[in-house]
Number of protein chains: 2
Amino acid sequence: MPKSDKLSSGGVKLLQEPQLAQFATVMADGAPQITPVWVDVEADGSHILINTAEGRLKTKNTSRNPDVAVSVVDAQNPWRYAVVRGKVVEHVHEGADDHIDRMAQKYLGQEKYPFRRPDEQRVILRIRPHHVLEQGVE
Amino acid sequence: MPKSDKLSSGGVKLLQEPQLAQFATVMADGAPQITPVWVDVEADGSHILINTAEGRLKTKNTSRNPDVAVSVVDAQNPWRYAVVRGKVVEHVHEGADDHIDRMAQKYLGQEKYPFRRPDEQRVILRIRPHHVLEQGVE
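Residues numbered from 1 in each chain as written. Chains lettered and ligands numbered in written order. Predicted model: local features only at pLDDT ≥ 70, side-chain atom pairs only at ≥ 80, totals over all residues.

*Asks:* Which residues make up the overall build of chain A, and what values go with them?
*Replies:* Helices and strands together make up the secondary structure of chain A, namely three helices and eight strands. Along chain A, from the amino end to the carboxyl end, the secondary structure elements read β-α-β-β-β-β-α-β-β-α-β. Seen through its principal axes, chain A has C-alpha atoms that stretch 45 × 40 × 25 Å. The buried share among the 138 residues of chain A stands at 40%. Counting only contacts in chain A whose residues sit at least 6 apart along the sequence, the fraction spanning at least 24 positions is 73%. (Helix = DSSP H or I, 4+ residues; strand = E, 2+ residues; numbered from the N terminus. Buried ≥ 20, exposed ≤ 12 C-beta atoms within 10 Å, placed from the backbone. Contact = placed C-beta atoms within 7 Å.)

*Asks:* Can you break down the interface of chain A and chain B residue by residue, with the values?
*Replies:* Where interface size is given, it is often the accessible area lost as the parts come together that is meant. Each partner contributes residues to the interface: chain A has 22 residues there, and chain B has 22 residues. Residues belonging to the side of chain A that touches chain B are distributed by class as follows: 14 nonpolar, six polar and two charged. (Nonpolar A, V, L, I, M, F, W, Y, C, P; charged D, E, K, R; others polar.)

*Asks:* Got a sec to walk through the relation of the copies chain A and chain B? Specific residues and values, please.
*Replies:* Of the transformation superimposing chain A on chain B, the axial component is 0.0 Å and the angular component is 180°, with the fit at an RMSD of 0.0 Å. Both copies of the chain, as the preceding transformation shows, are related through a two-fold rotation axis. Among all residues of chain A, the minimum C-alpha distance to the rotation axis is found for A75(A), at 2.6 Å. Interface overlap between copies: 100% of the residues of chain A at the interface are likewise at the interface in chain B, consistent with a symmetric, same-surface contact. (Least-squares fit on C-alpha atoms with pLDDT ≥ 70 in both.)

*Asks:* I'd love a proper account of the nonpolar core, names of residues and values included.
*Replies:* V70(A) and V70(B) are the most contacted members of the largest nonpolar core, which has 63 residues in total. Residues contacting V70(B), with those up to four places away along its chain left out, are A21(B), F23(B), V39(B), I48(B), V84(B) and I127(B). (Core = buried A, V, L, I, M, F, W, Y, C linked by C-beta atoms within 7 Å.)

*Asks:* Before we move on, could you go through the environment of Q22(B) and cite the residues and values that matter?
*Replies:* Looking at the element boundaries, Q22(B) is found in strand β2 (residues 21–26). Separated by 15 residues in the primary sequence, Q22(B) and L7(B) have C-alpha atoms spaced 16 Å apart. Dropping the residues within four chain positions of it, Q22(B) is found in contact with Q22(A), I34(A), S71(A), I34(B), P36(B) and S71(B).

*Asks:* Describe the confidence of the model for chain A, with residues and values.
*Replies:* Taken over all residues, the pLDDT of chain A has a mean of 96, while the share at 70 or more is 98%. Taken together, the chains of this predicted complex give a pTM of 0.95 and an interface ipTM of 0.93. (pLDDT = per-residue confidence, 0-100.)

*Asks:* An account of the pairing of strand β7 (residues 81–92) of chain A is needed here, citing residue identities and associated values.
*Replies:* Residue and element names in this part refer to chain A. Taken together, the seven bridges between strand β6 (residues 67–73) and β7 define a ladder with antiparallel strand orientation. Pairing of V68 across the sheet is with G86, part of β7. Note that β7 and strand β8 (residues 122–135) share eleven bridges and pair antiparallel. Bridging from a neighbouring strand, V83 pairs with L133 of β8. (Pairing = 2+ DSSP bridges.)

*Asks:* Could you give an account of the environment of E17(A), with specific residues and numbers?
*Replies:* Among the secondary structure elements, E17(A) is positioned in the loop between α1 (9–16) and β2 (21–26). Take E17(A): there are 12 C-beta atoms within 10 Å of it, and that puts it in the exposed class.

*Asks:* Could you give me a rundown of the environment of I48(B), with the residues and numbers involved?
*Replies:* You can see I48(B) is positioned in strand β5 (residues 48–53). If we skip the residues at most four places from it in the chain, I48(B) touches L15(B), V39(B), V41(B), V70(B), V84(B), G86(B), I127(B) and P129(B).

Pasting the structure below:
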């Protein structure tokens, strides 16, 4: 299993598919927490992007503690996956509304994100991997 | 999303299927780590079982810090899932070899676990959930 500090082109390809990711953050008491999430990736593999909203557990946890983990396994092939440890290096508000619409296109084939709540402020958690484990990607 | 401190019968059913789980533990430095794993569940939903080996990261991390999270999403239906926060209450060695063979039957349809290493000691991490979030299970 090749280890690296960024995603390979095969890992990027996996994350560009509409594969569900699992996102782990750390609670205030130090215990881990996981959420299934949509995921995006910068084309060079240097950052993973997760779009959430202010006030959510993921946002609160990563504001306090930027250490996270992300796992993406091909839903059709459990031997093809990328597992990442990294840090949230930025909470991005600019463009986060457009970004969640793009995620809705990717995952739902819909032009607009259908679950938006009127009062929510979307935020992109920009994650820089420092340990990447990939299996079966090419 | 109903919250509970144990899996519902629908959640148990999901984990009895050969669905891949994602298992989060905490590293020595407090950062989270995720691994895709096979998963088993006690029929009453009170404990989740993950079979690993001594010396592995999962075993070392949970020996130091029993706080874990487990996420199981139906590979065919991302809206059907169980997400759990809990504690490893026991590291079970007795029966762990038979148990990994049963897991190989469940996930691979093979009578014997084919990846066993001659020098490895299998161990079951017995996890007691304290926060359970289920969606779309019945």
